[in-house]
Amino acid sequence: MLTLYYAPGSSSMASHLALEEAGAQYLTCYVNEDAGEHRTEAYLRVNPRGKVPALRLSDGSVLVENIAIQTYVARTYPEARLLPTGPEEEAHALSWMAFFATAVHPAFSHFWAPRRFSDERSAEEGIKVRGLATFHGHCREIDARLAGNDWFLGRFSTVDCYAFVFYGWGMRAGLPMHDLPNFTVHKDRMLARPAVRRVLEREGVSIG
Ligand SMILES: N[C@@H](CCC(=O)N[C@@H](CS)C(=O)NCC(=O)O)C(=O)O
């Protein structure tokens, strides 16, 4: 049996959504990051990097990193068609997910946890402001991509699961996400999916 280690509303929700959309059989383990559970010895044995998501596979090994987990889920449950299989389409999917993991997520981290990026207290505010502005710019790029497209690729995929998390983060940060019409409609399209609603309910998160 698979076990997903997750923190509500965090980037692990992208992997959680992929598992639920795939119709996978899996257990969940809530890692309370606010209480520091991700830094406990017990969790560091799961993921020595102290981050979620982590997915324990049936053979006992642990897979980390959203892109890897989402690709694993898509390939393990091909009938769910969560990622394209043609080389070009697959590369485009990976390209979007890599952008999310290496640019969009880190930009938000600058806003959310500025202390990680400087020892100078006086630098924090500037890091926060720049991080949020960069994140907002990435959200605008996502919005532009979705103009005239229901989904990132020709059909629903894990890329959509991943992008949905960032809409929620933008709302949480107080950005005017409703001013991004295509991203907002995409978020509504996601909210109409039963699997998405189940994950939000399990995580106790609302994205509006
Ligand atoms: N590159 C990783 C990033 C994972 C990550 O940063 N997770 C955050 C939650 S959004 C976390 O667990 N942070 C805890 C910490 O860094 O202390 C991925 O894409 O899976």
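Since we're looking at a predicted model, the values are computed, not measured.

J.: When you look at the site of the ligand in this model, what are you seeing that I'm missing?
T.: In the vicinity of the ligand there are 14 residues, among which Glu-33, Lys-51, Val-52, Glu-65 and Arg-116 approach most closely. Within the contact set of the ligand, an oxygen atom lies 2.6 Å away from a side-chain nitrogen or oxygen of Glu-33. In the environment of the ligand, an oxygen atom lies 2.8 Å from a nitrogen or oxygen atom belonging to the side chain of Arg-116. Relative to its free-state accessible area of 510 Å², the ligand is covered by the protein chains to the extent of 86%. Residues lining the shell around the ligand come from more than one domain, with at least three contributed by each of domain 1 (2-80) and domain 2 (87-193).

J.: What am I meant to see in the packing of helix H1 (residues 12-22) against helix H6 (residues 158-172) here?
T.: The description of two packed helices rests on the angle between their axes and on the distance between the axes. As a packed pair, H1 and H6 sit with axes 8 Å apart at the nearest point and diverge in direction by 140°. Relative to H6, H1 is oriented oblique. Seen from above, H1 lies across H6 with right-handed handedness. Note on element contacts: H6 touches H1 through Thr-158, Cys-161, Tyr-162, Phe-164 and Val-165, opposite Met-13, Ala-14, Leu-17, Ala-18 and Glu-21. Here the residues of the contact of H1 with H6 sort into eight nonpolar, one polar and one charged.

J.: Hey, could you run me through the environment of Arg-49 in this one?
T.: As for its position among the elements, Arg-49 is in the loop between helix H2 (41-46) and strand E3 (54-56). On a C-alpha basis, the gap between Arg-49 and Thr-158 in space is 24 Å, while along the polypeptide they are 109 residues apart. Arg-49 has contacts with Val-64 and Glu-65, leaving out every residue within four places of it along the chain.

J.: Teacher, can you tell me more about unusual backbone geometry here?
T.: Excluding glycine, residues mostly have negative phi values, and the peptide bonds linking residues are mostly trans. Backbone torsion omega between Val-52 and Pro-53 reads 5°, so that peptide bond is classified as cis. With respect to the secondary-structure elements, Pro-53 resides in the loop between H2 and E3. For Glu-65, which is not glycine, the phi torsion reads 85° and is therefore positive. Tracing the backbone shows Glu-65 in the loop between strand E4 (62-64) and helix H3 (66-76). Despite not being glycine, Arg-81 shows a phi value in the positive range, around 50°.

J.: Just checking my understanding: could you explain the pattern of salt bridges for this structure?
T.: Side-chain pairs of opposite charge can arise where the charged atoms are in close proximity. This model, assessed by the stated rule, comprises ten salt bridges. In this structure, the salt-bridge partner of Arg-198 is Glu-20, at a minimum N-O distance of 2.5 Å. Of this pair, Arg-198 sits in helix H8 (residues 194-203) while Glu-20 sits in helix H1; the two residues are 178 residues apart in sequence, bridging distant segments of the chain. For Arg-198, a relative accessible area of 40% puts it in the partly exposed group. Glu-20 sits in the buried class, given a relative accessible area of 10%. We note a salt bridge from Asp-150 to Arg-189, for which the minimum N-O separation is 3.4 Å. Of this pair, Asp-150 sits in the loop between helix H5 (124-146) and H6 while Arg-189 sits in helix H7 (residues 181-191), and the two are 39 residues apart along the sequence. Connected through salt bridges with shared partners, the residues Glu-20, Arg-198 and Arg-202 form a single ionic network.

J.: What is the right way to look at the packing of H1 against H3 in this model?
T.: Contact geometry for H1 and H3: axes closest at 9 Å, N-to-C directions at 0°. The angle between H1 and H3 places the two elements in the roughly parallel class. Contacts between H1 and H3 involve Ser-12, Ala-14, Ser-15, Ala-18, Leu-19 and Ala-22 from the first element and Asn-66, Ile-69, Gln-70 and Val-73 from the second.

J.: How should I be thinking about the sheet that holds strand E2 (residues 26-30) in this particular structure?
T.: Note on sheets: strands pair through backbone hydrogen bonds, and any given pair is parallel or antiparallel. Across the sheet, which stays open at both edges, the four strands sit in the order E2-E1-E3-E4 with mixed pairing between neighbours. Both outer strands of the open sheet, E2 and E4, are each paired with one neighbouring strand and no more. Neighbouring strand axes in the sheet, compared pairwise and without regard to direction, differ in orientation by 20° on average. H1 rests against strand E1 (2-6), E2 and E3 of the sheet, and its axis sits at about 150° to E1.

Definitions and limits used
Residues numbered from 1 in each chain as written. Predicted model: local features only at pLDDT ≥ 70, side-chain atom pairs only at ≥ 80, totals over all residues. Heavy atoms only, no water. Near = heavy atom within 4 Å. Polar contact = N/O pair within 3.5 Å; in protein donor to acceptor, adjacent residues only side chain to side chain. Areas by Shrake-Rupley, 256 points an atom, 1.4 Å probe, with all protein chains shown as cover. Domains from an automatic or database assignment. Axes fitted to C-alpha atoms, helices over the stretch in contact; angles between N-to-C directions. Helix = DSSP H or I, 4+ residues; strand = E, 2+ residues; numbered from the N terminus. Parallel < 35°, antiparallel > 145°, perpendicular 65-115°, else oblique. Left-handed = near helix turned anticlockwise from the far one by under 90°. Contact = heavy atoms within 4.5 Å. Nonpolar A, V, L, I, M, F, W, Y, C, P; charged D, E, K, R; others polar. Salt bridge = Lys/Arg side-chain N within 4 Å of Asp/Glu carboxyl O. Buried < 20%, exposed > 50% of the residue type's maximum accessible area, 1.4 Å probe, protein only. Pairing = 2+ DSSP bridges.

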